Amino acid sequence: MGLLELLNIRSKRPEGRVEGVEKVTGSGKYAAEYEVKNMCYAVLVNSTVPSGKIQSISVDKAKEVEGVIDIITHLHKPSVPGMDTEEKIKQSRFGLPIFHTDKIFFKGQPVAMVIAETLEDATFAASLVEAEYQKDSFAVDFDSEKEKVALKAEGKERGNFDSWQNLPFTVDQQYNIKADVHNPMEMHATIAHWTGNDTLKLYDKNQGVNNVQRTFARLFSIPEKNIQVFSEFVGGGFGSGLRIWPHVLASVMGAKQVGRPVKLMLTRPQMFAATGYRPASWQRIKLASDPSGNLSGILHQAKNETSVYENFNDGITRVTRLIYKFPNLKTEAANVPLNLSTPTWMRGPGDCTGVFALESAIDELSYQLKMDPVALRLKNISLQNHPDSNLPWSTHFLDECINKGAKMIGWNARKATPSTVIEGDWYIGYGMAVGMWNAGRAEAKAAIIMSKDGSLVVQTAMTDIGTGTGTGMQNIAHEITGISKNKINIELGNSALPPAPSQGGSTGLSSVSGAVYDASNQLKQKLAEYASLVNGSFKGAALENILLSDRSISLKNNSTVSVSYEELFEKNNLAEIRLEVASKPGSEREKFAFCSSAAHFCKVRVNKRTGKVKIEKLAVVADGGKIINSQAAANQMSGAAVGGIGMTLMEENQIDAKLGTLIGNDLAGYHFAVNADAPIIEVDFIHKSDPNINPSGAKGLGEVGIIGTAPAIANAIYNAIGIRMRDLPITPDKILIALSHK
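Definitions and cut-offs
- All chains use their own residue numbering, which begins from 1 and follows the written sequence.
- Reporting of local features is limited, given that this is a predicted model, to residues whose pLDDT is at least 70; pairs of side-chain atoms are given and counted only at 80 or more, and all residues count toward the totals for whole chains, interfaces and linings.
- For the side-chain quantities, the full set of heavy atoms in the structure was used; hydrogens and water were omitted.
- In DSSP terms, a helix is any run of H or I states spanning at least four residues, a strand is any run of E spanning at least two, and both are numbered starting from the N terminus.
- Throughout, the radius of gyration refers to the C-alpha atoms, and the reference size of a globule is 2.2 Å times the residue count to the power 0.38.
- Between buried and exposed lies partly exposed: a residue is buried under 20% and exposed over 50% of the maximum accessible area for its type, with that area taken using a 1.4 Å probe on protein chains only.
- In this scheme, patches are assembled from residues that exceed 30% relative accessible area and form no salt bridge. Like charges are connected within 9 Å, while nonpolar side chains (Val, Leu, Ile, Met, Phe, Trp, Tyr) are connected within 5 Å.
- For the area figures, the Shrake-Rupley method with a 1.4 Å probe applies, and any residue is considered shielded solely by the protein chains shown.
- Here, a salt bridge means any Lys or Arg side-chain nitrogen found within 4 Å of an Asp or Glu carboxyl oxygen.
- UniProt positions are given in the numbering used here, feature names are shortened, and annotations may be inferred rather than shown by experiment.
- The rule for pairing is simple: two strands pair if DSSP sees at least two bridges between them.
- In this description, a line fitted to the C-alpha atoms serves as the axis of each element, helices being fitted only across the stretch in contact, and the angle between N-to-C directions of two axes falls anywhere from 0 to 180 degrees.
- Contacts are assigned to residue pairs that have any heavy atoms within 4.5 Å of one another.
- Note on angle classes: values under 35 degrees are labelled roughly parallel, values over 145 roughly antiparallel, values of 65 to 115 roughly perpendicular, and the remainder oblique.
- Each crossing gets its hand from how the near helix is turned against the far one by less than a right angle, where anticlockwise is left-handed and clockwise is right-handed.
- Given the number of residues in a helix, its expected span is that number minus one, multiplied by 1.5 Å.
- Call a crossover right-handed when, viewed with both strands pointing away from you, the route from the first strand across the helix to the second goes clockwise.
- We call Phe, Tyr and Trp rings a pair once their centres come within 6.5 Å, taking the six-membered ring for Trp, and we label the pair stacked below 30 degrees between planes, edge-to-face above 60, and tilted otherwise.

Remarks on the overall build of the protein chain
- Helices and strands together make up the secondary structure of the protein chain, namely 20 helices and 30 strands.
- For 742 residues, the compact-globule estimate of 2.2 N^0.38 gives 27 Å, and the protein chain sits close to it at 28 Å.
- Overall, the C-alpha framework of the protein chain stretches about 85 × 75 × 50 Å when taken along its three principal axes.
- In the protein chain, which comprises 742 residues, the proportion classed as buried is 59%.

Printed below as a string of structure tokens:
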């Protein structure tokens, strides 16, 4: 597609996602789709043992394959200055030191990389690489290994642990969750191209181009400006793209070695062991209340798996400090090292796991108290102050989320006594849960460029992983300037653009929106300055009095005063007007606490004969501050909830404990929620701007859409069958076994 044709499409694009046309027509390129002259292809060779040491590695047969250019191993590789010594490897904190060690930490670890003229040649040659290993003992079973790791205090203890131990209304239970895998639609891929001895161009599937840029500048001891990273289109990440994984370094090393651009694309099975996952976890919750339902204290203990070569803490107990006003609180945690690859952040990291146990226990307490679960939560949510820091919430409307969600689901139809509503072979039940997330904001920059025809380009390096960041930026620029959306183009996902943080942790739009907001206002003021040379009425014009249209600038209080952009540009001898603005948090973070929140309500059917759980209705209400892009925000919430359905009912990264092998590590063997597993999810928002978080008033939504889903479903299952399910996933066999013992 030619530039003229693309510009013509953009000028006529229907209102919606700014990248929609490019995605539908295929003109928008993902990491593996760029065409680079003289490119060759790389395929990784993975270890066949879960622990040990490489004794020897034979590449002779592989080198005989026509088209093979070179084969990278720990014995044959280019220099990476940041990994020249063991000490530098530790200091790099890169994670797996790919091709810089002969140690094997997990089955599937890359031990070689074949580079060839074609993908087919590289794939065949990779199958001929032979490695001999000195095998060592290994551990991959989280359930058995967790008993060997002691808990340690995590966070500050609050109140007195002993003061509430003998209260009559107490829940003390354990909860287990199997590991989940991100499985974004787009495969992880990298094209690495050394355009000079110390200049590098990368096309990479990643959620933060500036992070990639900084990492390789550090590893190869070259200036950041010498590295350009493209990640304009990303087909989902869910956290898997927040880190720079070993395959990215492998592709950069390969390109350095052969002096040509190298493309490396992971297979789906490789992604299960190469790009992180939500770690398996164990939790214990003990909580108590007085007879009136006032929560008195909580003990939250948690363990999550990690790798033997890197320590990953998922922060599971963090959410317990966020929602309720426990006067007494104690949290403990531990990480359990296994011969598996390193887990990473997955949508709603830590809080999604922790709230399953917390909200299940709160629900269980409500039945002990014979108190409506809605009423119990409303009574105890800390609406005024952050329970840990005691800072006042800037805005916090979780109570309104609960009340609205209860009406949407028809909560008044719920029966307080479990297992009392049966229709044929189906038990019917209702459940609810809440979730919260610390609403963050980081420094971000944005640029706005205006052309003579009145069109705008808004730029930032931040990626859009499908969350609608680009559309949100367009909406803000349109709202502030008044210029039509079809004249506002968005450029992002390129490290050469104004720097911005990674897209993750529900901070993306919250961070970049402030910069776009300020840049749009500064553009109005700059245009007024230029217009004053054409018409003196614009001199010193107040911001609120400056009006822009698609063709001209005018004054609010004097409709007869107007200057066309064409005249303005000609009078000031301008080719374009460009402004770059930085926006970051300030002293408000010392005065207020910030949060996003959501309430999930669920109606389920549980089949007494098959054990199948059917989600009949799911309603989600969120407090996300000002909603910049209502359609994308609703999509975020519903998509996250579908992920929560998968986590609750089917997702499990299975492992053969005897072989250390992942089982079902593809889209046929790994079950996750599809359209047939989810209803049309009803989503609503509180629509109240946060005046302190940033100039736009928007808070993040990416995480809270999933955080309360699992406990809401599990609580509904209890209301349906009268049996508490504390281990995820809740599969039909577990339901049938539970019902058989009822």
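Here's the deal with a nonpolar patch on the surface
- Taken together, Leu-667, Phe-672 and Val-674 make up a surface patch of nonpolar side chains, about 240 Å² in accessible area.
- As for its position among the elements, Phe-672 is in the loop between β28 (661-663) and β29 (682-685).

Re the UniProt feature "domain: Aldehyde oxidase/xanthine dehydrogenase a/b hammerhead" (unreviewed entry) in the protein chain
- What UniProt calls "domain: Aldehyde oxidase/xanthine dehydrogenase a/b hammerhead" (unreviewed entry) maps, in this numbering, to residues 25-137.
- Taken end to end, residues 25-137 is 18% helix and 31% strand, and its first and last C-alpha atoms sit 52 Å apart.

Quick notes on the sheet that holds strand β20 (residues 488-491)
- Strand order in the open sheet made by the four strands is β20-β19-β18-β24, with mixed pairing throughout. The strands lining the two open edges of the sheet, one partner per strand, are β20 and β24 (577-583). Going across the sheet, the axis of each strand differs from the next one's by a mean of 20 degrees, ignoring polarity.
- Bridging between strand β18 (residues 444-450) and strand β19 (residues 456-459) involves four bridges; their strand directions are antiparallel. Along β19, the bridge assignment pairs Ile-449 with Val-457.
- Across the face of the sheet, helix α13 (residues 469-481) comes into contact with β19 and β20 while running at roughly 140 degrees to β20.
- Relative to β24, helix α14 (residues 508-531) is tilted by about 140 degrees, and along the sheet it contacts β18, β19 and β24.

Looking at the packing of α13 against α14
- Interhelical geometry of α13 versus α14 gives an angle of 30 degrees and a closest axis separation of 9 Å. As summarised for this structure, α13 and α14 are arranged roughly parallel, according to the angle between their axes. In this structure, α13 crosses over α14, and the sense of that crossing is right-handed. Contact with α13, carried on its side by Thr-469, Gly-472, Met-473, Ile-476, Ala-477, Ile-480 and Thr-481, involves Leu-509, Val-512, Ser-513, Val-516, Tyr-517, Ser-520, Asn-521 and Lys-524 of α14 and no other residues of that element.

Brief notes about the sheet that holds strand β26 (residues 613-623)
- In spatial order, the strands read β16-β17-β25-β26-β29; together these five strands make up an open sheet with mixed pairing. Unpaired on one side and paired on the other, β16 (422-423) and β29 mark the two borders of the sheet.
- Both strand β17 (residues 426-438) and strand β25 (residues 595-607) contribute to a ladder of 13 bridges, which runs antiparallel. Paired with Val-434 across the two strands is Ala-599, which belongs to β25.

Describing unusual backbone geometry
- That bond from Leu-728 to Pro-729 is cis: its omega, 5 degrees, falls within 30 degrees of zero.
- Looking at the element boundaries, Pro-729 is found in the loop between β30 (727-728) and α20 (732-740).
- Even without being glycine, Arg-93 reaches a positive phi, approximately 50 degrees.
- Relative to the assigned elements, Arg-93 resides in the loop between α4 (86-92) and β4 (103-104).
- Positive phi outside glycine occurs at Lys-370, with the angle close to 55 degrees.
- Within the fold, Lys-370 resides in the loop between α10 (351-369) and α11 (373-380).
- Classification of Lys-370 as exposed rests on a relative accessible area of 77%.

Some remarks on helix α7 (residues 209-220)
- Taking 1.5 Å as the rise per residue, α7 with twelve residues should run 16 Å; its terminal C-alpha atoms sit 17 Å apart, in good agreement.
- Within α7, the full set of buried residues consists of Val-209, Asn-210, Val-212, Gln-213, Thr-215, Phe-216, Ala-217, Leu-219 and Phe-220.
- In this fold, the buried residues of α7 make contact with α4, β9 (189-196), β10 (199-204), β11 (227-230) and α8 (246-258).
- Downstream of α7 by one or two residues, Ser-221 has phi in the positive range, about 55 degrees.

A short note on the pattern of salt bridges
- Applying the stated rule across the entire model yields 32 salt bridges.
- The closest approach of N and O atoms between Glu-479 and Lys-626, which form a salt bridge, is 2.7 Å. Here Glu-479 is found in helix α13, whereas its partner Lys-626 is found in the loop between β26 and α17 (630-649), with 147 residues between them in sequence.
- Exposure remark for Lys-626: the relative accessible area of 27% places this residue in the partly exposed category.
- Its salt-bridge partner being Lys-699, residue Asp-623 comes within 3.1 Å of it at the nearest N-O pair. Of this pair, Asp-623 sits in strand β26 while Lys-699 sits in the loop between β29 and α18 (704-707), and the two are 76 residues apart along the sequence.
- For Asp-623, a relative accessible area of 0% gives the class buried.
- Taken together, the shared-partner salt bridges connect Asp-363, Glu-364, Arg-724 and Arg-726 into one network.

Some remarks on the pairing of β11
- Strand direction decides the pairing type here: β10 and β11, joined by four bridges, are parallel. If you follow Leu-200 over to β11, its bridge partner there is Ile-227.
- As a crossover connection, the stretch from β10 through α7 into β11 is right-handed.

Here we look at the environment of Ala-153
- One can find Ala-153 in strand β7 (residues 152-153).
- Under the relative-accessibility criterion, Ala-153 is labelled exposed at 69%.
- Among all residues touching Ala-153, those that are not within four sequence positions of it are Thr-331 and Glu-332.

Remarks on the pairing of strand β2 (residues 52-58)
- Direction of pairing for β2 relative to β4: antiparallel, over a ladder of two bridges. Paired with Gly-52 across the two strands is Ile-104, which belongs to β4.
- Direction of pairing for β2 relative to strand β6 (residues 130-135): antiparallel, over a ladder of six bridges. Bridge assignment links Lys-53 to a residue of β6, and that residue is Gln-134.

Points about the packing of aromatic side chains
- Enumeration according to the criterion identifies 18 aromatic pairs in this entry.
- Plain terms: the ring middles of Phe-161 and Trp-164 are 5.7 Å apart, the flat faces sit at 85 degrees to each other, and that makes the pair edge-to-face.
- On the basis of relative accessibility, which here comes to 2%, the residue Trp-164 falls in the buried class.
- Note on Tyr-175 and Phe-356: the rings are 6.0 Å apart at their centroids and 85 degrees apart in plane angle, and the pair reads as edge-to-face.

Details of the packing of α10 against α11
- At their nearest, the axes of α10 and α11 sit 9 Å apart, and the two run at 115 degrees to each other. Judged on the interaxial angle alone, α11 and α10 are roughly perpendicular. For the pair α10 and α11, the crossing hand works out as right-handed. Every residue of α11 that contacts α10 at Glu-359, Ile-362, Asp-363, Leu-365, Ser-366 and Leu-369 is listed here: Pro-373, Leu-376 and Arg-377.

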